[in-house]
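Inside the fold
If you want the building blocks of each chain, they are given just below.
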Amino acid sequence: MIIHANVLYTLISYILAIGSAVIVGLILRLPLLPEKPMRQSWTISVIFPTAVLALGFTAMVFGLGYEGTGYHGMYIGIAVGVLTALFSKFLLEKITPKPQSEEAHE
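Let me sum up the structure you'll find in this document. (Residues numbered from 1 in each chain as written. Predicted model: local features only at pLDDT ≥ 70, side-chain atom pairs only at ≥ 80, totals over all residues. Heavy atoms only, no water.)

Section: the overall build of the protein
If you tally the helices and strands in the protein, you get five helices and zero strands. Residues counted as buried form 28% of the 106 residues belonging to the protein. Residue pairs at least 24 apart in sequence account for 67% of intrachain contacts in the protein once pairs closer than 6 positions are excluded. Here the protein displays about 7,600 Å² of accessible surface, and carbon together with sulfur accounts for 68% of that area. (Helix = DSSP H or I, 4+ residues; strand = E, 2+ residues; numbered from the N terminus. Buried < 20%, exposed > 50% of the residue type's maximum accessible area, 1.4 Å probe, protein only. Contact = heavy atoms within 4.5 Å. Areas by Shrake-Rupley, 256 points an atom, 1.4 Å probe, with all protein chains shown as cover.)

Next up, the structure:
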């Protein structure tokens, strides 16, 4: 199986986006994992949704026509990771607020 250079650079860009999102998220003091039980937790953490959003935003940038060839794609991956961590820390709860708890309805 032949892996072309463009695919390799794109994969490295995705890895750099996730890595930079995790590092910046930890610097911004986001928790590594959500609160327990994780299925019912709405806390923003480094692993979810920050790293997942970084992967998705990087895919959107490449899907919109930017070709991640060479070092330019790597720079885009790092920039998207940093911006995603900042987005998760400061803007995500304003865009998608937490659902009301069941105790508030009773």
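Some details on the packing of aromatic side chains
Under the defined criterion, the tally for this structure stands at three aromatic pairs. For the ring pair Phe57 and Phe87, a centre distance of 6.1 Å and an interplane angle of 75° mean the geometry is edge-to-face. Of the two residues, Phe57 sits in helix α2 (residues 50-63) while Phe87 sits in helix α3 (residues 70-90), which places them 30 residues apart along the sequence. (Phe/Tyr/Trp six-rings, centres within 6.5 Å; stacked < 30°, edge-to-face > 60°.)

Brief notes about α3
The first and last C-alpha atoms of α3 sit 31 Å apart over 21 residues, in line with the 30 Å expected at 1.5 Å per residue. Looking only at α3, the buried set comprises Gly70, Gly73, Met74, Gly77, Val80, Gly81, Thr84, Ala85 and Ser88. In an axial view of α3, the angular spread of the buried residues amounts to 145°, which keeps them on one side of the axis. Projecting away from the buried face of α3 at angles above 90 degrees are the exposed residues Tyr71, His72, Tyr75 and Leu83. (Expected span 1.5 Å × (residues − 1). Arc of directions from axis to C-beta.)

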